Amino acid sequence: ISVTGSKKAVTAVFSVIVAAVGLPDAPVDKTQLNTMIALAKLAKQAKFTAATWDPMNAKLAVANSVKANGLATQDAVDLAYCDLMDAYNALVIRL
């Protein structure tokens, strides 16, 4: 597609395109998710009960999948972060 002409014409074409397909969503910020994944990876399985380790490890797997997904929404990233943080905070040290 070639768009030539005045600024007014280009703006008009742009407006038609935006109306048809919409503007892209804001970029997804995975900073907190990446930090939480790094923290969870530092945890050592032998130090925690299986009852709390297994759920945290499952949430870590989900978080890694969301991190790798280039189409993940901000809501999906935020949910993965919160779920992993909750599971990490629920870890119980073995006695």
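Look a little higher up for the structure.
Here's a quick rundown of the structure. These numbers come from a predicted model, not from an experiment. (Residues numbered from 1 in each chain as written. Predicted model: local features only at pLDDT ≥ 70, side-chain atom pairs only at ≥ 80, totals over all residues. Heavy atoms only, no water.)

What follows covers the packing of helix α2 (residues 31-42) against helix α4 (residues 74-89). Remark: α2 packs on α4, axes separated minimally by 9 Å, with the N-to-C direction vectors making an angle of 30°. Regarding the angle of α2 to α4, the classification is roughly parallel. For α2 against α4, the interelement crossing comes out left-handed. Within the contact between the two elements, α2 uses Gln32, Leu33, Met36, Ile37, Leu39 and Ala40 and α4 uses Val77, Ala80, Tyr81, Leu84, Met85 and Tyr88. (Axes fitted to C-alpha atoms, helices over the stretch in contact; angles between N-to-C directions. Helix = DSSP H or I, 4+ residues; strand = E, 2+ residues; numbered from the N terminus. Parallel < 35°, antiparallel > 145°, perpendicular 65-115°, else oblique. Left-handed = near helix turned anticlockwise from the far one by under 90°. Contact = heavy atoms within 4.5 Å.)

What follows concerns α4. Compared with the 22 Å implied by 1.5 Å per residue over 16 residues, the 22 Å span of α4 between its first and last C-alpha is a close match. Within the sequence span of α4, burial applies to Val77, Ala80, Tyr81, Leu84 and Ala87. Buried residues in α4, looked at end-on, bunch into an arc of 140°, giving them a common side. Away from its buried face by more than 90 degrees, α4 exposes Asp75, Leu79 and Asn89. (Expected span 1.5 Å × (residues − 1). Buried < 20%, exposed > 50% of the residue type's maximum accessible area, 1.4 Å probe, protein only. Arc of directions from axis to C-beta.)

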